[in-house]
Amino acid sequence: MIKNVLTESQREARGKNAVAALLARRLIVPKIFFDAHWPGRTSRVDVLAVDRAGAGDIHVVEVTVGIRAEAIKQLMHLPAHYKYVAVVEPGIYHLQNDVLYSADGLGRIGVILFDEKEHDELQARIEVAPERFRVPPGVIKQIDRFTAKEHADIEIRV
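Report on the accompanying structure. (Residues numbered from 1 in each chain as written. Predicted model: local features only at pLDDT ≥ 70, side-chain atom pairs only at ≥ 80, totals over all residues. Heavy atoms only, no water.)

1. Notes on the pairing of strand 1 (residues 31–36)
For strand 1 and strand 2 (residues 45–50), the ladder comprises five bridges, and the chain directions are antiparallel. Paired with Ile-32 across the bridge in strand 2 is Ala-49. By the bridge criterion, two bridges tie strand 1 to strand 7 (residues 154–155) in an arrangement that is antiparallel. Looking at strand 7, one finds that Lys-31 is bridged to Glu-155. (Pairing = 2+ DSSP bridges. Helix = DSSP H or I, 4+ residues; strand = E, 2+ residues; numbered from the N terminus.)

Laid out in structure tokens, this is it:
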């Protein structure tokens, strides 16, 4: 049996694709962006999905190899309705549940893990369901501008 030895960035990239496939199945006509500069030019998220053809809820995902506390801290500060940390090769998986919750209690970061399927297919699954975060009204205008000027990496064209 031949087993590929992948770099960390290649494993993260495989995770991004698997996460995009998961969100494409779960959301209604999403626009999905890889390595999106959200909420501004100086920040970046691994996967950004906007439901309902760019007019719905905002989902952001940070993909990491192993558990990284800084990824969770970064997610807390991003404006999005739903936030996820996707962990490729989590090792001994253990996260304190309270680190996933917003300080005001409204919102929980979801946890995505991966399974290796037939033919080395990486499949994402939600281990801890996210809960909706509060988003200021200005963010809706900001995502409208973003989706109008940025080309989605994955979208359904009708």
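Picking up where we left off.
2. Quick word on unusual backbone geometry
Glycine aside, residues mostly have negative phi, and peptide bonds are mostly found in the trans state. With omega at 5°, the peptide bond leading from Trp-38 into Pro-39 counts as cis. Relative to the assigned elements, Pro-39 resides in the loop between strand 1 and strand 2. The phi dihedral of Arg-52 is positive, around 55°, even though this residue is not glycine. Checked against the element boundaries, Arg-52 lands in helix 2 (residues 51–54). The phi torsion at His-119 lies on the positive side, around 60°, for a residue other than glycine. Residue placement: His-119 occurs in the loop between strand 5 (110–116) and strand 6 (122–128).

3. A word on the pairing of strand 4 (residues 82–88)
Within strand 4, seven of the seven residues are buried, leaving the element largely enclosed by the surrounding structure. Because side chains alternate across strand 4, one face comprises the buried residues Tyr-82, Tyr-84, Ala-86 and Val-88, and the other comprises Lys-83, Val-85 and Val-87, equally buried. Regarding the hand of the β-α-β motif, the stretch spanning strand 3 (residues 58–65), helix 3 (residues 69–77) and strand 4 is right-handed. As defined by bridge partners, strand 4 adjoins strand 5 across three bridges and the pair is classed as parallel. (Buried < 20%, exposed > 50% of the residue type's maximum accessible area, 1.4 Å probe, protein only. Right-handed = clockwise from strand over helix to strand, strands pointing away.)

4. Let's talk about helix 1 (residues 8–26)
Because each turn of an α-helix spans 3.6 residues, side chains separated by three or four positions end up pointing in the same direction. Compared with an ideal rise of 1.5 Å per residue, which puts 19 residues at 27 Å, helix 1 spans 27 Å between its outermost C-alpha atoms and is within 8% of the ideal. Taken together, the buried positions of helix 1 are occupied by Glu-12, Gly-15, Lys-16, Ala-18, Val-19, Ala-20, Leu-22 and Leu-23. (Expected span 1.5 Å × (residues − 1).)

5. Thoughts on the environment of Arg-44
Note that Arg-44 resides in the loop between strand 1 and strand 2. Separated by 2.7 Å, the side chains of Arg-44 and Asp-46 make a polar contact. (Polar contact = N/O pair within 3.5 Å; in protein donor to acceptor, adjacent residues only side chain to side chain.)

6. Focus: the pattern of salt bridges
Applying the stated criterion across every chain, the model contains 14 salt bridges. Put simply, Arg-68 and Glu-12 hold a salt bridge, and the shortest N to O gap is 3.7 Å. Here the residue Arg-68 occupies a position in the loop between strand 3 and helix 3, and Glu-12 occupies one in helix 1, the gap between them amounting to 56 residues. On the basis of relative accessibility, which here comes to 16%, the residue Glu-12 falls in the buried class. Connected via shared salt-bridge partners are Lys-16, Asp-35, Arg-44 and Asp-46. (Salt bridge = Lys/Arg side-chain N within 4 Å of Asp/Glu carboxyl O.)

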